[in-house]
Protein chains: 2
Amino acid sequence: MKAVTVKLPGGAEQLQVVNIEKPVIRDGELLIKVKACAINRTDLMSREGKTGYMKNPVLGIEISGEVVEAAKDTNIKIGTRVMGLVNGGGYAEYAVMPADRAMIIPDNLSYEEAAAIPEVFLTAYQTLFWLGGLTDDNTVLIHAGGSGVGTAAIQLAKQLTKAKIITTAGSQRKLDFCQSLGADVCINYKEQSFEEEVLGATGNKGADVILDFIGASYWEKNLKSINIDGRWVLIGVLGGTVVEKVDIMQIMLKRLQLKGTLLTPRSDEYKRDLTDEFVQRAMPLFLQGKVKPIVDTVFSLEDIQKAHEYMEANKNIGKIIVRIDATE
Amino acid sequence: MKAVTVKLPGGAEQLQVVNIEKPVIRDGELLIKVKACAINRTDLMSREGKTGYMKNPVLGIEISGEVVEAAKDTNIKIGTRVMGLVNGGGYAEYAVMPADRAMIIPDNLSYEEAAAIPEVFLTAYQTLFWLGGLTDDNTVLIHAGGSGVGTAAIQLAKQLTKAKIITTAGSQRKLDFCQSLGADVCINYKEQSFEEEVLGATGNKGADVILDFIGASYWEKNLKSINIDGRWVLIGVLGGTVVEKVDIMQIMLKRLQLKGTLLTPRSDEYKRDLTDEFVQRAMPLFLQGKVKPIVDTVFSLEDIQKAHEYMEANKNIGKIIVRIDATE
C-alpha cells in the first residue's frame, strides 16, 4: 500500500510516498481503508524529528474511512464508515484504529469532512471542558480563532455553554468567519491590544478560560487577560517556547491554573474516554447541522509536501485534508 | 479589648498592642473570646503592606476560643470551644467568625493546640486533594517538610492515602521529625540534590504532586522532579518570585498543571465548603490521635514582635502560637 514516511528529519521536502506492507490488526483493533486523513501540527513536529513519542514511521494521527477488517473481540461491522484518532499511520491507504476509539460518521458528512473532526474537536472538547472547566457564566478567550482547534472550540463553546466567547485572529476574513461560528467578541491581534479588549469586554475581570496556542510571545498579555481563578490551557507554542521572566507571584495571587497539554501522546484509555464523552455530548450536534467540520483545502496524497507547506504558511481557516483513494 | 495592629508597613517593630472596641457580630456570625491565635506568613506579608486583600486593621487569620455570643440564625451554643479561620482580627481578645466555618475542638486538644490546626491543615488538605488530586498510587513531594503546612501535609497524606511521601528540609532535626510523622523519603536539600533523590525514589518518573512553598529558586529542580501529568501546587515564594527563562514547552510535553493558590483571600463559601469536607474526612483523626497539631512555641500577646521575628528566623518545626488571656 501507499504511505507517507520521512526520509530525514527536516522540511516538507523530506516527505515521501512509499510502498509498504499493509498493517496487521491485533485484538481490539480495526483495519480501515482510509478515505481521508488530516494534517496536524504534530505531524510537522514529527517530520522534524521533534516528537519522541511517535513510534510509527508513517505520519498521520487521524483518519476517516471504511472498516475492512475487525478483530473478533470488537463489535463494529465491516463496511461501517468511521473516523477517529490513530496511533500514527494515518497518511496511508490502510490504517489500524483501536475499535473503542472509532466514531461512526454521521450520514450527512463526507469522508473529507469527517477527517476534519477527530483531532481538533476532541482537543477543543478536552481543553474547554476537561482542562478548562468552562461553565455558563464564564468567559473564554480562544486564540487563533481561525485555526482548526480554534474553529472547533468556538462552535463547541457556543453550542454546549452560554459562556461569552472572545477570539483573536490576524485578518478580518478570519474574524468574520469566527463571528459566523458564534464568537461574541472578535479581536484583530495585529491592530488591537487584545488584553485591553478582553478586559473591556469582561468589566475589567478578564477571561476565566484561555486556550493558548501561542505561548511565549503572549505570556504577559495572557497574564493580564486572565481572571482570578482562571484556567490557562497551553496547547501550542506558535509564538515561541521561552518566556524571559515569569513572575510566579502573579500565578499565586490570581490563583491561576496553567495546564499544558498534548493529545497525541496520551494513553489509549484516555483517548477512549474522551471519545466516548465527546460522542455522547457533541456528535448529535453534527447531525443537526449545529456544529460543522471546517475544511479549508483538500489535497491528494501525491501532494503531501504541498499540504505541509500550506499549513506552514498559516493561511488556512480550518482543516487541511488529504484525500486517499486506495488502488488495491 | 487588646488587639494587635500595624503602625506603618514594615518589620516586626511596627506591631503594637492597642486598645480598641470589641467587634460586633452580624447575621451568621459568632463572637469568640479568643484563647489562642497562630502566626502565619500571610500575617507577615500583611504587616509589610503586601496583601491588598486584608481589610481588617487587626492582624491574624485563625483562632481558637470560646463562643460568647451567637447570631440568632446560627445554631452553635454559647460556651462551645471552637477553632477556625477568621477574616482578619485574630490577634485580639475577641474576634468574629462566620458560624459555618467554626470547627468544634476535639476534647483531647488544648486551645493552643487547636489554634495550630485551621490554616495549615485546611491549606494542606486543599493543596493535596482539591488542587493536587493526590491518589493512593501517586508520589507526593512536600517541600519545607518542617513548616506548619509541611507537617500537616505529611500527616494528612499518610493517614488519608497510600501515596509515597517525599519531603525536603534543611536540618537532620527537621527530617527526623518529618519521618516520625510518616514521610517515606527525607531529603536534606542543603546536602543532597533533591531532584536526583526524587527521580531515584520514583524509578525515574518523578513526583505526581508537588507542594511548592519555595518558588523561583526551585523552578528548574521541580520541573525535573515532576512526573508526566503532574500537579504542581504553588503556595509560597520563600525562594523568590521571578523565574528567568521558563521553557513552556516542558509544561506542554509533560502535560503539567501548575496551580497557584492562596487560602486567605478566597470567598466565605469556599472556606465553608473546605472546612466542611475537612471536618468530615480529617477531624476524627485528631480525636483518635492519628494526626496531631504541631506546636513549636507559645508566646504571649505582649511578645507578638518576638513571635514574628521567630517565624522570620525560620527555625520552627510546626506552628508558632500566641496565647491570649482576655482581661475583661
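Reading the values: rules and limits
Residues numbered from 1 in each chain as written. Chains lettered and ligands numbered in written order. Predicted model: local features only at pLDDT ≥ 70, side-chain atom pairs only at ≥ 80, totals over all residues. Helix = DSSP H or I, 4+ residues; strand = E, 2+ residues; numbered from the N terminus. Rg over C-alpha atoms; globule rule 2.2 N^0.38 Å. Buried ≥ 20, exposed ≤ 12 C-beta atoms within 10 Å, placed from the backbone. Contact = placed C-beta atoms within 7 Å. pLDDT = per-residue confidence, 0-100. Nonpolar A, V, L, I, M, F, W, Y, C, P; charged D, E, K, R; others polar. Pairing = 2+ DSSP bridges. Least-squares fit on C-alpha atoms with pLDDT ≥ 70 in both. Axes fitted to C-alpha atoms, helices over the stretch in contact; angles between N-to-C directions. Parallel < 35°, antiparallel > 145°, perpendicular 65-115°, else oblique. Expected span 1.5 Å × (residues − 1). Bend = angle between axes of the 7 residues up to and from the residue.

## Thoughts on the overall build of chain A
And then number 1: Looking only at helices and strands, one finds 10 helices and 16 strands in chain A.
And then number 2: Computed over its C-alpha atoms, the radius of gyration of chain A comes to 20 Å, within 12% of the 20 Å expected for a compact globule of 328 residues.
And then number 3: Structurally, chain A occupies a C-alpha span of about 60 × 40 × 35 Å along its principal axes.
And then number 4: Every one of the 328 residues in chain A was classed for burial, and the buried ones make up 52%.
And then number 5: Relative to all contacts within chain A whose residues are 6 or more apart in sequence, the contacts with residues 24 or more apart total 67%.

## Here's the deal with the confidence of the model for chain A
And then number 1: Predicted confidence across chain A gives a mean pLDDT of 95, with 99% of residues reaching 70 or more.
And then number 2: Predicted complex, confidence summary: ipTM 0.91, pTM 0.92.

## As for the environment of Arg 47 of chain A
Residues and elements named next belong to chain A.
And then number 1: By the element assignment, Arg 47 lies in helix 1 (residues 41-47).
And then number 2: For Arg 47, a count of 23 C-beta atoms within 10 Å puts it in the buried group.
And then number 3: Along the backbone, Arg 47 and Glu 13 are 34 residues apart, and their C-alpha atoms lie at a distance of 10 Å.
And then number 4: Leaving out residues up to four positions away in the same chain, Arg 47 has contacts with Val 6, Gln 14, Leu 15, Leu 59 and His 308.

## Comments concerning the interface of chain A and chain B
And then number 1: With 25 residues of chain A in contact, the opposing surface of chain B contributes 25 residues.
And then number 2: Those elements that place two or more of their residues in the side of chain A that touches chain B are strand 13 (242-247), helix 8 (248-253) and strand 14 (257-260) of chain A.
And then number 3: In terms of residue count, the dominant contributor to the side of chain A that touches chain B is strand 13 of chain A (six residues).
And then number 4: For the side of chain A that touches chain B, a count of residues per class yields 14 nonpolar, five polar and six charged.
And then number 5: Pairing of strand 14 of chain A with strand 14 (residues 257-260) of chain B involves three bridges; the strand directions are antiparallel. Residue Leu 258 of chain A lies in a different strand from strand 14 of chain B, and its bridge partner there is Leu 258 of chain B.

## Structural notes on unusual backbone geometry
And then number 1: Backbone geometry places Asp 229 of chain A, a non-glycine residue, at a positive phi of 65°.
And then number 2: The exposure class assigned to Asp 229 of chain A is partly exposed, which follows from the 16 C-beta atoms found within 10 Å.
And then number 3: Not every positive phi belongs to a glycine, and Ala 144 of chain B is a case in point at roughly 50°.
And then number 4: Assignment of secondary structure puts Ala 144 of chain B in the loop between strand 8 (139-142) and helix 4 (148-160).
And then number 5: Look at Ala 144 of chain B and you get buried, because 25 C-beta atoms sit within 10 Å.

## Notes on the relation of the copies chain A and chain B
And then number 1: Once chain A is rotated about the relating axis by 180° and shifted along it by 0.0 Å, it coincides with chain B to within an RMSD of 0.1 Å. Taken together, the turn and the small shift mark the pair as related by a two-fold rotation axis. Identified as the residue of chain A closest to the rotation axis by C-alpha distance is Leu 258 of chain A, at 2.5 Å.
And then number 2: Of the interface residues in chain A, 100% have counterparts in chain B that sit at the interface too, so the contact is made through matching surfaces.

## Describing the sheet that holds strand 10 (residues 185-188) of chain A
And then number 1: The 12 strands are arranged 10(A)-9(A)-8(A)-11(A)-12(A)-14(A)-14(B)-12(B)-11(B)-8(B)-9(B)-10(B) in an open sheet whose pairing can be described as mixed. Taken across any chain shown, the strands that pair with only one partner, and hence form the sheet edges, are strand 10 of chain A together with strand 10 (185-188) of chain B. Looking at each pair of strands side by side, their axes are set apart by 15° on average, direction ignored.
And then number 2: Strand direction decides the pairing type here: strand 8 (residues 139-142) of chain A and strand 11 (residues 207-212) of chain A, joined by three bridges, are parallel. Looking at strand 11 of chain A, one finds that Ile 142 of chain A is bridged to Leu 211 of chain A.
And then number 3: Here helix 6 (residues 194-201) of chain A sits on the sheet in contact with strand 8, strand 9 (164-169), strand 10 and strand 11 of chain A, set at roughly 165° to strand 10 of chain A.

## What about helix 3 (residues 118-131) of chain B?
And then number 1: In terms of burial, helix 3 of chain B is largely enclosed, as 13 of its 14 residues are buried.
And then number 2: In the stretch just after helix 3 of chain B, Gly 133 of chain B is the one whose phi turns positive, near 55°.

## Section: the environment of Leu 59 of chain A
And then number 1: As for its placement among the helices and strands, Leu 59 of chain A is situated in the loop between helix 1 and strand 4 (62-70).
And then number 2: Residues Leu 59 of chain A and Asn 40 of chain A, spaced 19 residues apart in sequence, show a C-alpha to C-alpha distance of 9.9 Å.

## Topic: the packing of helix 3 of chain B against helix 9 (residues 268-287) of chain B
Residue and element names in this part refer to chain B.
And then number 1: For the pair helix 3 and helix 9, the least separation of the axes is 10 Å and the interaxial angle reads 90°. Of the possible angle classes, the one that applies to helix 3 and helix 9 is roughly perpendicular. Counted together, Phe 121, Leu 122, Tyr 125 and Gln 126 of helix 3 and Leu 274, Thr 275, Phe 278 and Ala 282 of helix 9 form the full contact between these two elements.
And then number 2: Residues of the contact of helix 3 with helix 9, tallied by class, amount to six nonpolar, two polar and no charged.

## Focus: helix 9 of chain B
Residues and elements named next belong to chain B.
And then number 1: If you check helix 9, its first and last C-alpha atoms are 26 Å apart, about what 20 residues at 1.5 Å a residue would give, namely 28 Å.
And then number 2: A maximum bend of about 45° is found in helix 9 at Val 279.
And then number 3: Lys 271, Leu 274, Thr 275, Phe 278, Ala 282 and Phe 286 are the residues of helix 9 that are buried.
And then number 4: Residues of helix 9 that are buried make contact with strand 5 (81-85), strand 7 (103-104), helix 3 and helix 4.
And then number 5: Backbone geometry just downstream of helix 9 places Gly 289 in the positive-phi region, at approximately 75°.

## Observations concerning the pairing of strand 5 of chain B
Residue and element names in this part refer to chain B.
And then number 1: For strand 5, the tally of buried residues reaches five of five residues, placing the bulk of the element in the interior.
And then number 2: Here strand 4 (residues 62-70) pairs with strand 5 via five bridges, running antiparallel. Among the inter-strand pairings, Glu 62 is bridged to a residue of strand 5, identified as Leu 85.
And then number 3: Here strand 5 pairs with strand 7 via two bridges, running antiparallel. Residue pairing in the sheet places Met 83 in a bridge with Met 103 of strand 7.

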